[in-house]
Amino acid sequence: MKKLLLTIIVSVFTIFGLRAQWTQLNTGMSSEIECVHMHDASTIFISSDLGIYISTNGGSTWSNVLAAEVYGLSFVNNSIGYASGGNGLVYKTTDGGNTWIPLATGNGTKLRAIHFYDANVGAAAGESGVLIATTDGGATWATKNTSTSVRLLAVRFSSATTGFVGGRDGVLLKTMDSGNTWAAAGAPTSDDISSIFFTDPTNGYFAIENGMIMKTTNAGASFTPIQTSTASDLGSIYFLDNNNGYAVGFLGAIVKTTDAGSTWSTDNSPTINEYSWVHFFNATNGFAVGDLGTVVKFGSTTSISAMDVNQTGVFPNPSADYFVIGAKREGKIKIEVVDIIGNKVKTIESAYNKPIRHNITQPGVYLLRITEPNQQPVFKRINVQ
């Protein structure tokens, strides 16, 4: 038994040591960060109710370039970008995000999401079912009939003519004429649709509640529900290519797929704060942002020995009646078990590499907050069967 346990622990760390990881950055911010966009590995933009901030050194420091209430960001290229915010305002940059000019939209409602397919075709959506669209790069805007009063949360064009808007209670709208007219798309859900991403004009993903994703392979004519490896509500989804994608959400959930969304695995998150957005520049450079000024960075590890000291593994997972917190060291630990809605279920005093009977009778996904004396906590998820 001891030999088997050691073999499993070594295998876990062999795998972890070869992977990139997520690291939380100290930004000095405390407000909710709504969106993030990467120009490249060094230049990153984030938005919040305090404005738009830019980092030119990979997230080490941040500077404010627009003091305003900003929610959505959408860059067409490294020069032209758009942002949506409070009071129905849309902002545009043509110099790579250094300066932002307010555009008159004719609307005064908070706009929570924005997306431009190219420099001309775009739309923004927000509170009370408000949806505005443009085909001339924001020079003029038209308010569209959505036949709903729910909050709209996500906007995405899959081509210059086809686009989607998602919102509360399963509201999903579709346009096939560059945003001129919109009609109900018949989403097979009553859950909030919080994020939309298309990898090409026909293949798209719609993030909803309880860790579920709806996938379409025919431009929204039909949808297939997919359960990811988390039960947390998902707030943002992003694909690097046709196969590799990430989704983030409640309680610090980070899940990823390498097979076009067919299966999903859980990534280790450095926080339990809620994520609102995720974006990648390439396979080894990504950012996720969220509540309480949360900014986490994805990147390759340069020191495997440093990872060995800080990394832990949980197995078996799923668990029936016990689990082990595996580490390449010994020591006492405290484990706080939190359920999916944030309630603390129990606190366990134990040690690394020791079987721990959890006595949890309710099946489901739980968060483990693992701490040892004078160390930062480590967060892990476990599926109790």
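Please read these numbers as outputs of a predicted model, since none were measured by experiment.

Draft legend 1. Representation of the nonpolar core. Membership of the largest hydrophobic core comes to 23 residues, with the highest contact counts inside it found for Trp-22, Ile-237 and Trp-264. Elements supplying a minimum of two residues to this core: β19 (204–207), β22 (234–239), β23 (245–249), β24 (254–257), β26 (275–282) and β28 (294–299). Looking at which element gives the most residues to this core, the answer is β22, with four residues. Counting residues in each nonpolar core, the second largest holds 16 residues, with Val-337, Ile-356, Tyr-366 and Val-384 among its members.

Draft legend 2. Geometry of the sheet that holds strand β6 (residues 70–75). Strand order in the open sheet formed by four strands is β6-β7-β8-β9, and the pairing between neighbours is antiparallel. Unpaired on one side and paired on the other, β6 and β9 (101–103) mark the two borders of the sheet. The sheet shows a mean angle of 25° between the axes of neighbouring strands, taken without regard to direction.

Draft legend 3. Geometry of the sheet that holds β28. Spatially, the four strands line up as an open sheet ordered β1-β28-β27-β26, and their pairing is antiparallel. Both outer strands of the open sheet, β1 (21–24) and β26, are each paired with one neighbouring strand and no more. Mean inter-strand twist for the sheet, computed between neighbouring axes without regard to direction, equals 20°. Sheet analysis places β26 next to strand β27 (residues 285–290), joined by six bridges and oriented antiparallel. Paired with Trp-277 across the two strands is Val-289, which belongs to β27.

Draft legend 4. Expanded view of a negative patch on the surface. Taken together, Glu-32, Asp-49, Asp-233 and Glu-274 make up a surface patch of like negative charges. Relative to the helices and strands, Asp-49 is located in the loop between β3 (44–48) and β4 (51–55).

Draft legend 5. Focus on the side chain of Ser-195. Inspection of the secondary structure puts Ser-195 in strand β18 (residues 195–198). For Ser-195, the side chain forms a polar contact with the main-chain nitrogen of Ile-237, separated by 3.0 Å.

Draft legend 6. A look at the pattern of salt bridges. Under the counting rule described, the total for this entry stands at eight salt bridges. Close ionic contact of Lys-344 with Glu-336 constitutes a salt bridge, the shortest N to O distance being 2.8 Å. The salt bridge involving Arg-369 is made with Glu-336; its shortest N-O contact spans 3.0 Å. With Arg-369 in strand β34 (residues 364–371) and Glu-336 in strand β31 (residues 332–338), this pair connects stretches of sequence that are 33 residues apart. When salt bridges with common partners are traced through the structure, they connect Arg-112, Glu-127 and Arg-151 into a single cluster.

Draft legend 7. Representation of the packing of aromatic side chains in the model. Tallied over the full model, the rule gives 20 aromatic pairs. On the basis of an interplanar angle of 85° and a centroid distance of 6.3 Å, the ring pair of Phe-239 and Trp-264 is categorised as edge-to-face. In this pair, Phe-239 is assigned in strand β22 and Trp-264 in the loop between β24 and β25 (265–266), connecting sequence segments 25 residues apart. For Phe-239, a relative accessible area of 3% corresponds to the buried category.

Draft legend 8. Looking closely at the confidence of the model for the protein. Per-residue pLDDT for the protein has a mean of 89; in total, 91% of the residues score no lower than 70. Counting interchain partners and residues more than four positions distant, the pLDDT-below-50 stretch residues 301–310 has 14 contacts.

Draft legend 9. Broad picture of empty space enclosed by the protein. Tallied over the full model, the rule gives one cavity of 30 Å³ or more. Forming the walls of the largest cavity are Ser-232, Leu-251, Val-338, Asp-339, Ile-340, Val-365, Tyr-366, Leu-367 and Arg-381. Per-element tally for the lining of the largest cavity: the top contributor is β34, with three residues.

Draft legend 10. A look at unusual backbone geometry. The step from Phe-315 to Pro-316 runs through a cis peptide bond, and the omega angle for that step is -10°. Looking at the element boundaries, Pro-316 is found in the loop between β29 (313–315) and β30 (322–326). Put simply, Asn-317 and Pro-318 share a cis peptide bond, and its omega is 15°. Relative to the elements of secondary structure, Pro-318 occurs in the loop between β29 and β30. At Asn-210, a position not held by glycine, the phi torsion is positive, near 60°.

Draft legend 11. Examining the side chain of Ser-194 more closely. Within the fold, Ser-194 resides in the loop between β17 (183–184) and β18. Of note is the side chain of Ser-194, whose polar atom sits 2.5 Å from the backbone oxygen of Leu-234. With residues up to four places along the chain from it excluded, the contact list for Ser-194 reads Leu-153, Ala-154, Ala-207, Leu-234 and Gly-235.

Draft legend 12. Examining the pairing of β28 more closely. Here β28 lies mainly inside the structure; five of its six residues are buried. Two elements, β27 and β28, share five bridges in a ladder whose sense is antiparallel. Looking across to β28, one finds that Gly-286 is bridged to Phe-298. Hairpin connection from β27 to β28: three residues lie between these consecutive antiparallel strands, with Leu-292 at a positive phi of about 55°.

Here is what the cut-offs are and how they apply
Note that residues are indexed from 1 along each chain, following the sequence as it is written. The predicted nature of this model means local features are confined to residues of pLDDT at least 70 and side-chain atom pairs, given and counted, to a pLDDT of 80 or more, with totals for whole chains, interfaces and linings taken over all residues. The side-chain quantities take in all heavy atoms of the structure and omit both hydrogens and water. Nonpolar core, defined: a set of buried Ala, Val, Leu, Ile, Met, Phe, Trp, Tyr and Cys residues in which side-chain atoms within 4.5 Å join the residues together. Remark: exposure states derive from per-residue accessible area (1.4 Å probe, protein chains only) relative to the maximum for the residue type, with buried under 20%, exposed over 50%, and partly exposed in between. Strands here are runs of E lasting at least two residues and helices are runs of H or I lasting at least four, both read from the DSSP assignment and numbered beginning at the N terminus. One bridge is not enough; two strands pair if DSSP finds at least two bridges between them. For helices, the axis comes from a line fit to the C-alpha atoms of the stretch in contact; other axes are also lines fit to C-alpha atoms, and the angle between any two N-to-C directions lies between 0 and 180 degrees. A patch consists of residues whose relative accessible area exceeds 30% and which take part in no salt bridge; residues with like charges are grouped when within 9 Å of each other, and nonpolar side chains (Val, Leu, Ile, Met, Phe, Trp, Tyr) when within 5 Å. Only the protein chains shown count as cover for residues, with accessible areas throughout obtained via the Shrake-Rupley method and a probe of 1.4 Å. When a carboxyl oxygen of Asp or Glu is within 4 Å of a side-chain nitrogen of Lys or Arg, the pair counts as a salt bridge. This count recognises Lys and Arg as positive and Asp and Glu as negative, with His and chain-terminal groups excluded. Each charge is placed at NZ for Lys, CZ for Arg, CG for Asp and CD for Glu. Pairs of N or O atoms are called polar contacts if they sit within 3.5 Å, as long as, within protein, a hydrogen donor faces a hydrogen acceptor (for residues adjacent in sequence, only side-chain-to-side-chain pairs). Centre distance within 6.5 Å is the pairing criterion for rings of Phe, Tyr and Trp, where only the six-membered ring of Trp is used; planes under 30 degrees apart are then read as stacked, over 60 as edge-to-face, and the remainder as tilted. pLDDT is a residue-level measure of predictor confidence that goes from 0 to 100. Residue contacts are defined here by distance: any two heavy atoms, one from each residue, within 4.5 Å place the two residues in contact. Detection works on a 1 Å grid of protein atoms alone, calling trapped sets that fit a 1.4 Å probe cavities and calling open sets with protein on both sides within 12 Å along at least five of seven lines pockets, with lining residues defined by an atom within 4 Å of a point. Grid points are joined across faces, edges and corners, and a volume is the space filled by probe spheres set on the points.

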